[in-house]
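# Observations on the three-dimensional arrangement
These are the residues of each chain, in order.
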Amino acid sequence: MEVIRLDKVSLWRRTQEEFSYDLKKTFLSILEGKYRKPVKKLILDNIDLIVNSGEKIGIIGANGSGKSTVLKVICGILKPTNGLVRVSGKIAPLIELGAGFDPEISVVDNIMLYGVLLGFSRIEMTKRVNSILEFAELEDYALMPVKALSSGMVARLGFAIATDIQPDILVLDEVLSVGDESFKNKSRQRIEKFWNQNTTILVVSHDLNFIEQTCNQAIWLDKGKIKCTGGADEVVKFYLKTVNAPKNF
Ligand SMILES: Nc1ncnc2c1ncn2[C@@H]1O[C@H](COP(=O)(O)OP(=O)(O)OP(=O)(O)O)[C@@H](O)[C@H]1O
C-alpha cells in the first residue's frame, strides 16, 4: 500500500545572502551600482517518489544534495514550490527535535501543543502526557517553561512525544543521537523496535554501512535530483563507484 507520494516536487529557496540582509549595505551597493537581487537556488528538482507501507528507505548523497530538505517536505515542515506531496498515516518527524516548542509555556502545555501539531487530539494527548514525561525523564520539570530546560532535555522531550505511540511513518535525519549516553541507548531501542515492525522508515545518513544493513531500498540524491533508486546494496555500490572514480582533468 502506497503511503508517501511525491509528484514532480521542486523547491526553490533564497540563498544565504538574504539572511545577511543589511539595509545600509544594500543602500550603499545600490549607490555604487553593484546591487544584485538575492539569488534563489533550486534545492529539489522534479522529484518523483512512491514509498510503500513497511519499506525502510535510506537517503544518501553529498553534503547539500537536498536529503534533509526532502525529509522536511515529506513531514510538511517545508512546502514545495511546485508539485504534490501526499502522505497517509501518522508520521513521526525525528528531525529538528523540539523546533516547534514554545519556550515560554510549560513542558506539559508544549506536549499538548506538539501532539496536536502531529495530528493527535487533545483528549488523546491528555492520556499520554504521563508516559511522555516518564520516557523523557522530565517529571520534575512538568510545569516549568521549556526555556528552563537544557538543549539535550528539549531534544529528549521532542523524541518522547514523536515516538510515544508507534507511528506509521518514521522520518529520521542522521543516525540518532539524542541526549546523554543512557538516553541514547533508550531511544535507539525504541527505534529498533519500530524497525522490526511494519513502520515505514525514511532515514538520511552518511553511514553507508548502516544504510546497507538496515534499509531495503535506497535513494541517491545529487544536486536536488534523484540520481538512482533501488535495492540499498546496489545504490550504495553505484554511489561508491561513482564518487571514488578518478576524475578526468
Ligand atoms: N534554511 C535554508 N535557507 C536556504 N537554503 C538552505 C537552507 N537550508 C539548507 N539550504 C540549502 O539547501 C540545499 C540542500 O540542503 P540540505 O540540508 O537538504 O542538504 P543535505 O543533503 O541534507 O546535506 P548534508 O549532507 O550536508 O546534511 C543546500 O544547498 C543548502 O545550502
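You'll find the structure just up there.
Residues numbered from 1 in each chain as written. Predicted model: local features only at pLDDT ≥ 70, side-chain atom pairs only at ≥ 80, totals over all residues.

What follows covers helix 6 (residues 181-196). The end-to-end C-alpha distance of helix 6 is 23 Å, a good match for the 22 Å that 16 residues give at a rise of 1.5 Å each. Every buried residue belonging to helix 6 is among Phe183, Ser187 and Ile191, and all of these are buried. The buried residues of helix 6 all sit within an arc of 65° when viewed along its axis, so they share a single face. Structural note: helix 6 exposes Glu181, Ser182, Asn185, Gln189, Glu192, Lys193 and Asn196 on the side pointing more than 90 degrees away from its buried face. Packed against the buried residues of helix 6 are helix 5 (151-162). (Helix = DSSP H or I, 4+ residues; strand = E, 2+ residues; numbered from the N terminus. Expected span 1.5 Å × (residues − 1). Buried ≥ 20, exposed ≤ 12 C-beta atoms within 10 Å, placed from the backbone. Arc of directions from axis to C-beta. Contact = placed C-beta atoms within 7 Å.)

This next bit is on the site of the ligand. Every residue close to the ligand is listed here: Arg13, Ile43, Gly61, Asn63, Gly64, Ser65, Gly66, Lys67, Ser68 and Thr69. Looking at the shell around the ligand, the element that brings in the most residues is helix 2 (residues 67-75), giving 3 residues. Classifying every residue of the shell around the ligand by side-chain character gives 1 nonpolar, 7 polar and 2 charged. (Near = placed C-beta within 6 Å. Nonpolar A, V, L, I, M, F, W, Y, C, P; charged D, E, K, R; others polar.)

In spatial order, the strands read 5-6-7-3-8-9; together these 6 strands make up an open sheet with mixed pairing. Each of the sheet's edge strands pairs with one partner strand only, and the pair in question is strand 5 (91-94) and strand 9 (225-231). Strand-to-strand, the axes of this sheet are offset by a mean angle of 15°, without reference to chain direction. Two elements, strand 6 (residues 169-173) and strand 7 (residues 200-204), share 5 bridges in a ladder whose sense is parallel. (Pairing = 2+ DSSP bridges. Axes fitted to C-alpha atoms, helices over the stretch in contact; angles between N-to-C directions.)

Because an α-helix packs 3.6 residues into every turn, residues spaced three or four apart end up facing the same way. Taking 1.5 Å of rise per residue, 12 residues should cover 16 Å, and helix 5 covers 17 Å from first to last C-alpha, within 8% of that figure. With 10 of its 12 residues buried, helix 5 lies for the most part within the structure. Met153, Val154, Ala155, Arg156, Leu157, Gly158, Phe159, Ala160, Ile161 and Ala162 are the residues of helix 5 that are buried. Those residues of helix 5 that are buried lie in contact with strand 5, helix 3 (107-117), helix 4 (122-136) and helix 6.

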